[in-house]
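Observations on chain architecture
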Amino acid sequence: MAVDRRPLIAGNWKMNFDHLQAIAFTQKLAWTLRDANHDYATTEVAIFPPFTDLRSIQNLIEGDKFDLAYGGQDVSSHDAGAYTGEVSGSFLKALGASYVLIGHSERRQYHAETDEIVRAKVEASLRHDLIPIICVGETESDLEQFGPSAVPVAQLRAALSGIAEKDIVIAYEPVWAIGTGKAATDEQAEQVCGALRTALAEAWGMAPAESTRILYGGSVKATNIAALMRQPNIDGALVGGASLDISEFASICRFLKHVV
Ligand code: PEP
């Protein structure tokens, strides 16, 4: 973790919590962090609820002046029109979203999202002034066949091809670590996050590569976050399962208290 990149802990709720559950959960999370004197200026916290929760989350966060950021779990590559079921970046922006997850492995696997689609969604998010959190990561068989960083680096290059320097976040999420309880070791995660930063420097130059946050995701818990955050190229975490448990997620957000 470098001092000039504000760490980001992002909770991907996936398809969990309806809007009533989301309100109760977010309120409790914000109070838990407030009671623990969490300093959002030091570590940013963002949540990624289902689309149907976002209006309620906006009302709650704005009304109660919580410092939590939030975003969508996906975005359409189109801005408007006959695209049944899709959600435009302009709609997310109108709901006060700051971020959007793009290319999560579950989108790539279950919704056939290709590198081209991911790239188009990155462009769409930038058109609407949303910060894309671009998810990349290798499967177990990719790892055996190509080694640790080839696939994530290729996915990142494809996602950014033809796109000029912008404010983005990258999330390295090895598919074999997502939801399995088997996180990458801090050395493994650091190796790939370092390779992603090098690829970004090749695309955009050193300064943007140095200022861009790279998150690790895959079975992050309160017990492994500190070691991950000690790595120089890891600037935060994308958290799935553990983001649904208030005390576990709050403890991950407060990793600075247990980084020694
Ligand atoms: C994820 O789905 O982005 C994720 C990292 O999940 P988990 O933390 O449950 O492995």
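This text follows the structure it describes.
Residues numbered from 1 in each chain as written. Predicted model: local features only at pLDDT ≥ 70, side-chain atom pairs only at ≥ 80, totals over all residues. Heavy atoms only, no water.

Before going further, it helps to examine the site of the ligand. Lining the immediate environment of the ligand, one finds 14 residues, of which Lys14, Glu173, Gly179, Ser219 and Gly240 sit closest. At 2.7 Å, a side-chain N or O of glutamate 173 approaches an oxygen atom of the ligand. Contact between the ligand and serine 219: an oxygen atom at 2.7 Å from a main-chain N or O atom of the residue. Here the ligand loses 95% of its free accessible area of 290 Å² to cover by the protein chains. (Near = heavy atom within 4 Å. Polar contact = N/O pair within 3.5 Å; in protein donor to acceptor, adjacent residues only side chain to side chain. Areas by Shrake-Rupley, 256 points an atom, 1.4 Å probe, with all protein chains shown as cover.)

Walk down a regular strand and you will see the side chains alternate between the two sheet faces. The buried count for strand β5 (residues 131–136) comes to six of six residues, which makes it a mostly enclosed element. Of the two faces of β5, the one carrying Ile131, Ile133 and Cys135 and the one carrying Pro132, Ile134 and Val136 are both buried. Across four bridges, strand β4 (residues 99–102) lies against β5 in parallel orientation. Each residue of the ladder has a partner; that of isoleucine 102, found in β5, is isoleucine 134. Judged from the four bridges that link them, β5 and strand β6 (residues 169–172) form a sheet pairing that is parallel. Considered in β6, the bridge of isoleucine 133 is made with valine 169. (Buried < 20%, exposed > 50% of the residue type's maximum accessible area, 1.4 Å probe, protein only. Helix = DSSP H or I, 4+ residues; strand = E, 2+ residues; numbered from the N terminus. Pairing = 2+ DSSP bridges.)

This paragraph deals with helix α2 (residues 54–63). Within α2 the residues assigned to the buried category are Leu54, Ser56, Ile57, Gln58, Leu60 and Ile61. Looking one or two residues past α2, lysine 65 carries a phi angle of roughly 55 degrees, positive in sign.

Here the focus is the environment of glutamate 187. Mapped onto the secondary structure, glutamate 187 falls in helix α8 (residues 186–204). Sequence-wise, glutamate 187 and valine 136 are 51 residues apart; in three dimensions their C-alpha atoms are separated by 18 Å.

Looking at helix α7 (residues 150–160), one finds that the buried residues are Val151, Pro152, Val153, Gln155, Leu156, Ala159 and Leu160. Count one or two residues on from α7 and you reach glycine 162, which has phi positive near 75 degrees.

Note on placement: threonine 43 falls in the loop between α1 (19–35) and β2 (44–48). Take threonine 43: its relative accessible area is 1%, and that puts it in the buried class. When the C-alpha positions of threonine 43 and leucine 8 are compared, they lie 5.9 Å apart, and in sequence the two are 35 residues distant. Every residue in contact with threonine 43, bar those within four places of it in the chain, is listed here: Arg6, Pro7, Ile9, His38, Cys253, Phe255 and Leu256. (Contact = heavy atoms within 4.5 Å.)

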